[in-house]
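Structural overview for review
Chain by chain, the residues run as shown.
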Amino acid sequence: MHIKEVILATNSLHRTKVFYHKTLELDILEETDELVSFKAGKTRLSFKASDAGKPFYHLAFNITNNKFSDSFEWMNSKLDILPVSEDMLIAGYDNWNAQSFYFLDNNGSIVEFIVRFDLPYQSNEPFSSDCIEEVSEIGLVVDDVQEKAEELNTRFQVPYFRKGPRLPDFVVMGDDYGLLLLCQNKRGWVPNHKPAQKWPVTVVTGEDKTIHI
């Protein structure tokens, strides 16, 4: 399942523009007084201005497989990497055949660079934002994970991720290209256990199905 577009909320459109354009070096596709959109590989990543609290999310990007070390050094030179344990900055997910690391954006969102070795992403070029292939994960925070998962499966034909997990309070749906992470409200996000909060999210799939949370 490819994620064609993600629309998130921010209480600071300007700082969000600076972070994603200057720090992550994503090209700007559109900018108005109410919205800014970026090119994140094959995904359009948009933020809409909001004055309701301080929205934050979990968001992951698929990175070119053979550039993981380079991507880590690139980001580590720009900001602090979030530790995944007392003495580790890199997470390994053997059951997903993946590696990743995490950092915070200006909104306090938990952002992840992940390589999935089952995907055919390779590059001979030096690492740059061009090695960001797409948005690969977006967290959807809900009150009833099982009910929302069944709705996404039946109404939008989003499959349960064959690599799991499928827990009472956390369910992963989609495939290696694009995943929806259904998370119980107030459940802690990896890696810093920040309690999840419900904020508006719009996801447009590669099949042009629009999901609103």
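For the structure, check the block above.
Overview of the structure. (Residues numbered from 1 in each chain as written. Predicted model: local features only at pLDDT ≥ 70, side-chain atom pairs only at ≥ 80, totals over all residues. Heavy atoms only, no water.)

**Describing helix H1 (residues 13-23)**
Every buried residue of H1 is accounted for by Leu13, Thr16, Phe19, Tyr20 and Thr23. Buried residues of H1, viewed axially, fall in a sector of 155°; they line one side. In H1, those exposed residues whose orientation departs by more than 90 degrees from the buried face are His14 and Lys22. Of the residues flanking the end of H1, it is Glu25, one or two places downstream, whose phi is positive at about 60°. (Buried < 20%, exposed > 50% of the residue type's maximum accessible area, 1.4 Å probe, protein only. Helix = DSSP H or I, 4+ residues; strand = E, 2+ residues; numbered from the N terminus. Arc of directions from axis to C-beta.)

**Examining the nonpolar core**
Judged by nonpolar contacts, the single largest core of 69 residues is most densely connected at Tyr20, Phe61, Phe113, Ile138 and Leu180. Element by element, the count of residues in this core is highest for strand E9 (residues 132-142), at 6 residues. The contact partners of Tyr20, leaving out residues within four places of it in the chain, are Glu25, Leu26, Phe38, Leu45, Phe47, Leu59, Phe61, Asp105, Asn106 and Val111. (Core = buried A, V, L, I, M, F, W, Y, C linked by side-chain atoms within 4.5 Å. Contact = heavy atoms within 4.5 Å.)

**A look at the sheet that holds strand E2 (residues 27-31)**
The mixed open sheet is built from 6 strands, whose spatial order is E2-E3-E4-E1-E14-E15. The open sheet has two free edges, formed respectively by E2 and strand E15 (210-212), since each of these has just one partner strand. Across the sheet, the mean angle from the axis of one strand to that of its neighbour is 20°, orientation sign disregarded. As paired elements, strand E1 (residues 3-10) and strand E14 (residues 202-205) share 4 bridges and run antiparallel to each other. If you follow Ile3 over to E14, its bridge partner there is Thr205. (Pairing = 2+ DSSP bridges. Axes fitted to C-alpha atoms, helices over the stretch in contact; angles between N-to-C directions.)

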